[in-house]
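# Descriptive analysis of the structure
As a plain string of letters, each chain reads:
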Amino acid sequence: MTTLTGYTLGEALYEGARTQVYRATRRRDRHPVVIKMLRTEYPSFRELLQFRNQYTIAKNLDLPGIVQPLSLENHGNGYAMVMGDEGYISLSQWRSSREWELGTFLKIGIQLAGVLHGLYQNRVIHKDIKPPNILIHPTTEDVKLIDFSISSLLPKETQEISNPNGLEGTLAYLSPEQTGRMNRGIDYRTDFYSLGVTFYELLTGQLPFQSGDPMELVHCHIAQSPTLPDHIQPIPAVIFAIIRKLMAKNTEDRYQSALGLKYDLERCLQSLNATGEISEFELGERDICDRFNIPEKLYGRETEVQTLLNSFERASSG
């Protein structure tokens, strides 16, 4: 039985390969908390570093859309992170337990765009946006972001080529540049791509690219465009256009600011509330970035890109 000095553990909220999360009570004042701890008895140095990283970054982010930790406790040979329990559940769990409405999706999307703007202002790249890392309050539908274990405080970084199973982040939500196979830097716009995958999943109930083969998934992120499944109810064209813009292969073709995305989502919601439908409009009218970004499009390198894609196809088929 897992224990932590000073706390009474209750319901298990999540059990993964590396971590486990419990609801608990702090004994000294009976305060309800959520505790995340490393699962392995002898964690690696990298696991310890990532665990401290998520605590340090979240602790220093004074944003309403971020779950701030209360303390970092020693637990065996590793750590346990203590957070306040305000009754939030994962967006994945909440989504699967109710009928989905377009208006609700837009309200959640607007909140998430606001959270990403806050991260941008603090020069934080999350790098693992996905429904399990998004919490929602069942009553208020207030949204918060968690898990900064692989987040970066750098304006930009470079991902080296590695085995797909060893990549940071969750492969199904990974941006093309996070695969390390695009020869491109990683900046705040990588979170827009992962948010686009999240939006797609929330609206359709499935991922845009589905495969049990890691190399094939990498190929899809680099070369395939999302399409809508036939079995779902039609999604307004402008909403799907927003998702495709978020999931553009080149960062220059995505939204350049979270506020630009938020404005478009707010415009969709206003149209839906006023007329019951969402009229099409030109995306990105308020999408202005206040940071200078050097374009990294692969101009004049079509042959190299095609060679790279052909190698993925051979690896996937072989």
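Rules used in this analysis
- Residues numbered from 1 in each chain as written.
- Predicted model: local features only at pLDDT ≥ 70, side-chain atom pairs only at ≥ 80, totals over all residues.
- Heavy atoms only, no water.
- Pairing = 2+ DSSP bridges.
- Helix = DSSP H or I, 4+ residues; strand = E, 2+ residues; numbered from the N terminus.
- Axes fitted to C-alpha atoms, helices over the stretch in contact; angles between N-to-C directions.
- Phe/Tyr/Trp six-rings, centres within 6.5 Å; stacked < 30°, edge-to-face > 60°.
- Buried < 20%, exposed > 50% of the residue type's maximum accessible area, 1.4 Å probe, protein only.
- Contact = heavy atoms within 4.5 Å.
- Expected span 1.5 Å × (residues − 1).
- Core = buried A, V, L, I, M, F, W, Y, C linked by side-chain atoms within 4.5 Å.
- Polar contact = N/O pair within 3.5 Å; in protein donor to acceptor, adjacent residues only side chain to side chain.
- Parallel < 35°, antiparallel > 145°, perpendicular 65-115°, else oblique.
- Left-handed = near helix turned anticlockwise from the far one by under 90°.
- Nonpolar A, V, L, I, M, F, W, Y, C, P; charged D, E, K, R; others polar.

## Observations concerning the sheet that holds strand 5 (residues 78–84)
Spatially, 1-2-3-5-4 is the arrangement adopted by the 5 strands of the open sheet, whose pairing is antiparallel. Each having just a single partner strand, strand 1 (7–15) and strand 4 (69–75) make up the two edges of the open sheet. Each strand of the sheet is rotated relative to its neighbour by a mean of 30°, with strand direction disregarded. Pairing between strand 2 (residues 19–26) and strand 3 (residues 31–38): 8 bridges, direction antiparallel. By the bridge assignment for strand 3, Thr-25 is matched with Pro-32.

## Observations concerning the packing of aromatic side chains
In this structure the tally under the stated criterion is 5 aromatic pairs. With 5.0 Å between their ring centres and 80° between their planes, Phe-105 and Phe-199 make a pair best called edge-to-face. On the criterion of sequence distance, the pair formed by Phe-105 in helix 3 (residues 102–121) and Phe-199 in helix 4 (residues 190–204) is long-range, its members being 94 residues apart. On the basis of relative accessibility, which here comes to 1%, the residue Phe-105 falls in the buried class.

## Remarks on the sheet that holds strand 7 (residues 134–136)
Strand order in the open sheet made by the 3 strands is 6-7-8, with antiparallel pairing throughout. Single-partner strands in this sheet number two, and they are strand 6 (89–90) and strand 8 (143–145). Here strand 7 pairs with strand 8 via 3 bridges, running antiparallel. Its bridge partner lying in strand 8, Ile-134 is registered against Leu-145. Helix 3 contacts strand 7 and strand 8 of the sheet and is inclined by roughly 35° relative to strand 8.

## Section: helix 3
In this model helix 3 runs 29 Å from its N-terminal to its C-terminal C-alpha over 20 residues, within 8% of the 28 Å that 1.5 Å per residue would give. Most of helix 3 is tucked away, with 15 of its 20 residues classed as buried. In the segment just after helix 3, Arg-123 is the residue with positive phi, at about 55°.

## So, the environment of Val-82
The topology assignment puts Val-82 in strand 5. In the structure, Val-82 is positioned 11 residues away from Ser-71 in sequence and 5.3 Å away in space, judged by C-alpha atoms. Ignoring sequence-local partners within four residues, the contact set of Val-82 consists of Tyr-7, Val-33, Val-34, Ile-35, Pro-69, Leu-70, Ser-71 and Glu-73.

## Comments concerning unusual backbone geometry
Phi is positive for Arg-30, which is not a glycine, with a value near 60°. Within the element layout of this structure, Arg-30 appears in the loop between strand 2 and strand 3. The exposure class assigned to Arg-30 is exposed, which follows from its relative accessible area of 58%. Its identity as a non-glycine residue notwithstanding, Lys-127 has a phi of 75°, on the positive side. Turning to its location among the elements, Lys-127 is positioned in the loop between helix 3 and strand 7.

## What to know about the nonpolar core
In terms of nonpolar packing, the biggest core is built from 63 residues, with Leu-106, Leu-119, Phe-148 and Ile-239 touching the most fellow members. Ignoring sequence-local partners within four residues, the contact set of Ile-239 consists of Phe-105, Leu-106, Leu-203, Cys-268 and Ile-278. The next biggest cluster of nonpolar side chains, apart from the first, holds 13 residues, and it includes Val-34, Phe-51, Tyr-55 and Val-67.

## Focus on the pairing of strand 4
On a regular strand, each side chain points to the face opposite its neighbour's, so the side chains alternate between the two faces of the sheet. Both strand 4 and strand 5 contribute to a ladder of 6 bridges, which runs antiparallel. When the sheet's bridge partners are listed, Pro-69 is paired in strand 5 with Met-83. Taking the residues that link successive antiparallel strands as the turn, the strand 4-strand 5 hairpin has 2 residues, and the phi of Gly-76 there is positive, at about 60°.

## Here we look at the environment of Lys-36
Turning to its location among the elements, Lys-36 is positioned in strand 3. On the basis of relative accessibility, which here comes to 10%, the residue Lys-36 falls in the buried class. Excluding residues within four positions of it along the chain, Lys-36 makes contact with Thr-19, Gln-20, Val-21, Phe-51, Gln-54, Tyr-79, Ala-80, Met-81, Met-83 and Asp-147. At a separation of 3.1 Å, a polar atom in the side chain of Lys-36 contacts the side chain of Gln-54.

## So, the packing of helix 6 (residues 237–246) against helix 7 (residues 258–275)
Each packed pair of helices is defined by two parameters, the angle between the axes and the distance between the axes. Interaxial distance between helix 6 and helix 7 falls to 11 Å at its minimum, and their mutual angle equals 165°. Comparing their axes, helix 7 and helix 6 come out roughly antiparallel. The handedness of the crossing between helix 6 and helix 7 comes out as left-handed. Taking contact as the criterion, the partners of Val-238, Ile-239, Ile-242 and Leu-246 in helix 6 are, on helix 7, Leu-261, Asp-264, Leu-265 and Cys-268. Here the residues of the contact of helix 6 with helix 7 are counted per class, giving 7 nonpolar, no polar and 1 charged.

## With respect to the packing of helix 3 against helix 7
Packing of helix 3 against helix 7 leaves a shortest axis separation of 9 Å and a crossing angle of 160°. Between helix 3 and helix 7, the interaxial angle falls into the category roughly antiparallel. Regarding helix 3 and helix 7, the two cross each other, and that crossing is left-handed. Here Leu-102, Gly-103, Leu-106, Lys-107, Gly-109, Ile-110, Ala-113, Gly-114, Leu-116 and His-117 of helix 3 lie close against helix 7, whose contacting residues are Ala-258, Leu-259, Leu-261, Lys-262, Leu-265, Glu-266, Cys-268, Leu-269 and Leu-272. Of the residues assigned to the contact of helix 3 with helix 7, the class counts are 12 nonpolar, 4 polar and 3 charged.

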